[in-house]
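Listed here are the chains, written in short residue letters.
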Amino acid sequence: MQLNPYGADVVNFAADLANRPPASAAELAARCRAAGLVLERPVEAADLDRTLAVIAAWTKVVDATDEHERAGLVNEMLARSAAYPRLTDHAHGWHLHYRDPLQPLGAVLFALISVGTALHLTGRGMDRLGRCAADGCAAIFADTSRTALQRHCSHPCANRDAVRRHRARRSTSSAT
């Protein structure tokens, strides 16, 4: 049984919005469409403001120091964003929405990110959101790996970090 029709896409989209916040309502609309989100209403400046607030709240979830704090922050987001679940078939077959119909995009993203994050954390593990471990990179990522060992935002960051560690070990061993 599949409970989350959005899968990992929603938390990856939230991470992308956090790492590269949209600068305008038009950019937000374009990025939502590119992510596969069906826009049922025009995107306005208020939607951008609400989305930036959602991402600020979500970033606090990512940066939470333990699972109880993380759960509390997600629960606060869920309480402020979600409505009754309802069935819809507007895009990709029947699936659940956790919001009232015809909400503005800011409210849609708030519900989508809140519920998607809750499903991601309960389905994959409470520690499956983080920031890149590479020096000089603080990008947010959602760990969707099978091993639950993701520590970098991307392969290039992981490679740069591995090269840096290798060079540090080599210079330490050659100095002795």
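Rules used throughout
- Residues numbered from 1 in each chain as written.
- Predicted model: local features only at pLDDT ≥ 70, side-chain atom pairs only at ≥ 80, totals over all residues.
- Heavy atoms only, no water.
- Salt bridge = Lys/Arg side-chain N within 4 Å of Asp/Glu carboxyl O.
- Helix = DSSP H or I, 4+ residues; strand = E, 2+ residues; numbered from the N terminus.
- Buried < 20%, exposed > 50% of the residue type's maximum accessible area, 1.4 Å probe, protein only.
- Polar contact = N/O pair within 3.5 Å; in protein donor to acceptor, adjacent residues only side chain to side chain.
- Contact = heavy atoms within 4.5 Å.
- Core = buried A, V, L, I, M, F, W, Y, C linked by side-chain atoms within 4.5 Å.
- Axes fitted to C-alpha atoms, helices over the stretch in contact; angles between N-to-C directions.
- Parallel < 35°, antiparallel > 145°, perpendicular 65-115°, else oblique.
- Nonpolar A, V, L, I, M, F, W, Y, C, P; charged D, E, K, R; others polar.
- pLDDT = per-residue confidence, 0-100.

### Re the pattern of salt bridges
In this structure the tally under the stated criterion is eight salt bridges. In this structure, Asp63 and Arg131 form a salt bridge, with 2.7 Å as the shortest nitrogen-oxygen distance. Here Asp63, found in the loop between helix H3 (45-62) and helix H4 (67-81), pairs with Arg131, found in strand S3 (residues 129-131); they are 68 residues apart in sequence, far enough to count as distant. A salt bridge links Arg164 to Asp135; the shortest N-O distance between them is 3.2 Å. Within this pair, whereas Arg164 is found in helix H6 (residues 155-175), its partner Asp135 is found in the loop between S3 and strand S4 (140-142), the two being separated by 29 residues in sequence. Here Arg164 falls in the partly exposed class, since its relative accessible area comes to 37%. Taking relative accessible area as the criterion, Asp135 reaches 56% and is therefore assigned exposed. Connected through shared salt-bridge partners, Asp16, Arg20, Glu27 and Arg31 make up one network.

### Re the side chain of Asp161
Counting through the fold element by element, Asp161 comes out in helix H6. Polar side-chain contacts of Asp161 include one of 3.0 Å to the side chain of His152. Setting aside anything within four residues of it in sequence, one finds Asp161 in contact with Ala133, Ala134, Asp135 and His152.

### Description of the nonpolar core
Among the nonpolar cores identified, the biggest contains 35 residues, and Leu28, Trp58, Met77, Leu105, Leu109 and Ile113 are the most heavily contacted of them. Sorting the residues of this core by element identifies helix H1 (9-19), helix H2 (25-34), H3, H4, helix H5 (105-124) and S4 as the ones contributing at least two each. When sequence neighbours within four positions are dropped, the list of residues in contact with Met77 reads Val54, Ala57, Trp58, Val61, Phe110, Ile113 and Ser114.

### A look at the packing of H1 against H3
At a closest axis distance of 10 Å, the pairing of H1 and H3 adopts a crossing angle of 105°. Comparing their axes, H3 and H1 come out roughly perpendicular. Seen from H1, the contacting residues are Val11, Ala14, Ala15, Leu17 and Ala18; seen from H3, they are Thr51, Ile55, Trp58 and Thr59. For the contact of H1 with H3, the residue count by class is seven nonpolar, two polar and no charged.

### Quick notes on the confidence of the model for the protein
Put simply, the protein has an average pLDDT of 89, and 93% of its residues get 70 or more. Averaged pLDDT values for the elements of the protein fall to 79 in strand S2 (residues 95-97) and rise to 97 in H3. In the model, residues 1-5 has pLDDT below 50 throughout and makes four contacts with residues more than four positions away in sequence or in other chains.

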